[in-house]
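What follows is each chain in one-letter form.
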Amino acid sequence: MSGGSPKHNQFENQRNRITWILGVSGLCVVFYVLGVWQGSSAPTKPSEVYNRIDCQPGMSANEDRSSSSSLSSLPVQLDFESHHRVEMNRTSEAQKFPPCDIKYSEYTPCQDPNRGRKFDRNMLKYRERHCPKMEELLLCLIPAPPKYKTPFKWPQSRDHAWYDNIPHKELSIEKAVQNWIQVEGDRFRFPGGGTMFPRGADAYINDINKLIPLTDGSIRTAIDTGCGVASWGAYLLKRNIVAMSFAPRDTHEAQVQFALERGVPAMIGIMASQRIPYPARAFDMAHCSRCLIPWHKYDGMYLIEVDRVLRPGGYWILSGPPIHWKKHWRGWERTREDLKEEQDAIENVAKRLCWKKVIEKDDLSIWQKPINHIQCIKSRKVYKTPHICKSDNPDAAWYRDMETCITPLPEASSEEEVAGGALEKWPERAFAVPPRISSGSIPGITAEKFQEDNHVWKERVSHYKRIISPLTQGRYRNVMDMNAYLGGFAAALAKYPLWVMNVVPAKSEKDTLGIIYERGFIGTYQDWCEAFSTYPRTYDLIHADNVFSIYQDRCDITYILLEMDRILRPDGTVVFRDTVEILVKIKSITDGMRWKSQIMDHESGPFNPEKILVAVKTYWTAEPQKSQLL
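These figures come from a predicted structure and were not determined experimentally. (Residues numbered from 1 in each chain as written. Predicted model: local features only at pLDDT ≥ 70, side-chain atom pairs only at ≥ 80, totals over all residues. Heavy atoms only, no water.)

Asks: Residue-level account of empty space enclosed by the protein, with values.
Replies: Tallied over the entire structure, the rule returns three cavities of 30 Å³ or more. Roughly 290 Å³ of internal volume is contained in the largest cavity. Around the largest cavity sit 23 residues that line it, and Arg 129, Gly 269, Arg 275, Pro 277 and Ser 533 are the ones nearest its centre. The greatest single-element share of the lining of the largest cavity, amounting to three residues, is contributed by strand E13 (residues 522–526). Residue composition of the lining of the largest cavity, by class: twelve nonpolar, six polar and five charged. The residue makeup of the lining of the largest cavity includes at least three contributed by each of domain 1 (192–381) and domain 2 (427–617). (1 Å grid on protein atoms, 1.4 Å probe; cavity = no way out; pocket = protein on both sides within 12 Å on 5 of 7 lines; lining within 4 Å. Points joined across faces, edges and corners; volume = space filled by probe spheres on them. Helix = DSSP H or I, 4+ residues; strand = E, 2+ residues; numbered from the N terminus. Nonpolar A, V, L, I, M, F, W, Y, C, P; charged D, E, K, R; others polar. Domains from an automatic or database assignment.)

Written as structure tokens, this is what we have:
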């Protein structure tokens, strides 16, 4: 007979079981709370973060010296294998991408001169975008020159650049008289000169300001065609005017590269046979200073294209041939008759576009586009050409041929009404509801959604300032937003000494680039399955918001990441926002690209399925060639 009461033993067993369950449950809660706290909180001391970052094996001292400091403010890397059930292959290393040959140091895939020579020279088509085929794409990393240095910070960079970063003296010799660029020891100096402004860009802009208002906020966005080294755009910045400067990659080596090295917005581009990649009604002002564009030829097609991208009431400024030909004709080595004929032809095209000649004074001539087309439509009874286009999308500008008809403006109810809606002056323009939204011209985008987007990006940039400390310290100057949407990221950064190239992916469901321009920012269309129209090492910070969700089924994302590596400066930073699965895939590729990266939680906390990957391109350069060592 067993001892003790059966009921008593049963009671003891139940009590022990309950105690055990409560104990285990309590431990689960404690460890869960502890895990969430550790995963979502950032270390407070830079040294604490540094100790948590593993240096890549085999990294040189040069690579380690800057990347550790760039990442010193980032939170600890999250363990997505245990918390998010993403398979991570720890047995096989990431594919290692070798450096390209140093001959590719300034490689511009879609504007490669060697490839361009195979195309039609008529209308300079060979200088347009001609991208490599899939079998021609490089699977290597574009190297920086052997003595590459971190560029000067803005505003010092406006006037100085390291010679070793862009080792080209051609312009300092060819344009010595015009004072474009000078070599001073180990650096270049940019005095702000230009062919048509020998007294400097500042004085030249002051001359323009005497003719049209440049400082009251009514002019914010500008375009400079055939920009040289973009000194005009560089000196407009202190007047709160941001210019999209472009020039082809031609015999004047590295014009656009010099501009971007100095922290001035610019792209490789040309007016040839295709529309320039900007929406209609984008710029308050267009400028050409001896840009050698034959404005009067091809039925005035190039002036018609300028008309397309100028906003209602916008200005076109021309200096250089044929303006003031009576004074300069001998120096231009052309006859008086030839120059007069050219100016008469330009005046005639402008008149047929319904432009008003504002003034011609000394070397400057300025026209103004009408604020609507009411009178212009009536004038078609006199001027049969160019007629008003019947095309359905004036903003379409990605591989779209130019047209020889006037891009129609939105309808206006009176001659005093600005077609499409009047814009606020800068800086109010940045956060005012853009006319394209208030008019309902883009379905699904309302004033409420616009305000919500601004609020979201204000919070996100506040979060970025905590995890990327150099964001507010002048470390980044040239910034790119690869999927800009409404320009909220650029707007949230507007108070800092930087500028943003806002990119709207070509063939997006909603074309929002016109909205971005109406806010007073600049940008371009781009298909990220192709290379961007810029030189290597021209951006300090790249922002990629759900870019890879868009493109993962369109093309191999490896090549997009290699393109990002090409245009990113050594020590440059990339911020990716996407799902965990995509970020893990991105990280597995960038680990083989000499990047250091960390995945971290969304700013709203660990339970948001979207995460953030912050990556830094480590500093490394090409090996010096034997001739350089002798």
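Asks: Let's hear about the state of the cysteines: which residues, and what values?
Replies: Using the criterion set out here, one finds six disulfides in the structure. One disulfide bridge connects Cys 100 with Cys 140, the sulfur atoms lying 2.0 Å from each other. Between Cys 100 and Cys 140, the S-S dihedral sits near 100°, and the bridge is therefore right-handed. Highlighted residues: Cys 100 in the loop between helix H4 (80–83) and helix H5 (113–116) and Cys 140 in the loop between H5 and strand E1 (160–162), separated in sequence by 40 residues. Residue class for Cys 100 comes out buried when judged on its relative accessible area of 7%. The residue that forms a disulfide with Cys 389 is Cys 405, at a sulfur-sulfur distance of 2.0 Å. Classification of the bridge connecting Cys 389 and Cys 405 rests on its S-S torsion, roughly 105°, and on that basis the disulfide is right-handed. Here Cys 405 lies in the loop between helix H13 (374–379) and helix H14 (435–438) and Cys 389 lies in the loop between H13 and H14, a separation of 16 residues in the sequence. (Disulfide = S-S within 2.5 Å. Buried < 20%, exposed > 50% of the residue type's maximum accessible area, 1.4 Å probe, protein only.)

Asks: Could you give me a rundown of the nonpolar core, with the residues and numbers involved?
Replies: Residues Met 285, Trp 295, Trp 316, Phe 548, Met 564 and Phe 576 are the most contacted members of the largest nonpolar core, which totals 140 residues. A domain split of this core shows at least three residues from each of domain 1 (192–381) and domain 2 (427–617). Grouped together as the second largest cluster of nonpolar side chains are nine residues, Trp 180, Phe 188, Phe 190 and Ala 254 included. (Core = buried A, V, L, I, M, F, W, Y, C linked by side-chain atoms within 4.5 Å.)

Asks: Run through the sheet that holds strand E7 (residues 283–289), naming residues and quoting values.
Replies: In spatial order, the strands read E6-E5-E4-E7-E8-E10-E9; together these seven strands make up an open sheet with mixed pairing. Looking at the sheet topology across the chains shown, the edges are occupied by strand E6 (266–268) and strand E9 (356–361). Between one strand axis and the next, the sheet turns through 20° on average, direction left out of account. The strands touched by helix H7 (residues 201–209) within the sheet are E7, strand E8 (310–319) and strand E10 (364–368), with E10 carrying the most contacts at an inclination of about 45°. (Pairing = 2+ DSSP bridges. Axes fitted to C-alpha atoms, helices over the stretch in contact; angles between N-to-C directions. Contact = heavy atoms within 4.5 Å.)

Asks: Give a detailed account of the side chain of Gln 343, specifying residues and quantitative values.
Replies: Positionally, Gln 343 belongs in helix H12 (residues 336–352). Classification of Gln 343 by relative accessible area gives buried; the value is 8%.

Asks: Can you tell me about the layout of surface pockets, naming the residues and giving the values?
Replies: Here the second largest pocket is characterised by a volume of approximately 580 Å³. Residue lining of the second largest pocket: 35 residues in total, with Gly 226, Gln 255, Arg 290, Cys 291 and Leu 292 positioned closest to the centre.

Asks: Could you give me a rundown of H7, with the residues and numbers involved?
Replies: Looking at H7, one finds that the buried residues are Ala 201, Ala 203, Tyr 204, Ile 205 and Ile 208. Close packing links the buried residues of H7 with helix H8 (231–236), E7, E8 and E10.

Asks: Give a detailed account of the pattern of salt bridges, specifying residues and quantitative values.
Replies: Tallied over the entire structure, the rule returns 31 salt bridges. Across the pair Glu 563 and Arg 566 runs a salt bridge, and its minimum N-O distance is 2.8 Å. With a gap of three residues between them, Glu 563 and Arg 566 both fall in helix H19 (residues 557–567), about one helical turn apart. Each member of the pair, Glu 563 as well as Arg 566, carries the same accessibility label: buried. Through salt bridges with shared partners, a single ionic network connects Arg 460, Asp 545, Arg 577, Glu 603 and Glu 610. (Salt bridge = Lys/Arg side-chain N within 4 Å of Asp/Glu carboxyl O.)

Asks: Which residues make up the pairing of strand E17 (residues 610–617), and what values go with them?
Replies: Most of E17 is tucked away, with eight of its eight residues classed as buried. Judged from the seven bridges that link them, strand E15 (residues 568–579) and E17 form a sheet pairing that is antiparallel. In the sheet register, Val 574 faces E17, and the bridge partner there is Ala 615. In this sheet, E17 lies alongside strand E16 (residues 595–600) in antiparallel orientation, the contact comprising six bridges. In the sheet register, Met 600 faces E17, and the bridge partner there is Ile 612.

Asks: Residue-level account of the packing of aromatic side chains, with values.
Replies: If you walk through the whole model with that rule in mind, you get 21 aromatic pairs. Relative to Phe 188, the ring of Tyr 163 has its centre 5.4 Å away and its plane inclined at 55°; by these criteria the two rings are tilted. Highlighted residues: Tyr 163 in the loop between E1 and helix H6 (170–174) and Phe 188 in strand E3 (residues 187–189), separated in sequence by 25 residues. We classify Tyr 163 as partly exposed; its relative accessible area is 22%. (Phe/Tyr/Trp six-rings, centres within 6.5 Å; stacked < 30°, edge-to-face > 60°.)

Asks: I'd like to hear about the packing of H19 against helix H20 (residues 580–590), residue by residue, with values.
Replies: Two elements in contact, H19 and H20, have axes separated by 10 Å at closest approach and are oriented at 60°. Here H20 runs oblique to H19, going by the angle between their axes. Here H19 runs over H20; the crossing is right-handed. Facing Ile 557, Thr 558 and Leu 561 of H19, the residues of H20 in contact are Lys 585, Ile 586, Ile 589 and Thr 590. Looking at the contact of H19 with H20 residue by residue, the classes come out as four nonpolar, two polar and one charged. (Parallel < 35°, antiparallel > 145°, perpendicular 65-115°, else oblique. Left-handed = near helix turned anticlockwise from the far one by under 90°.)

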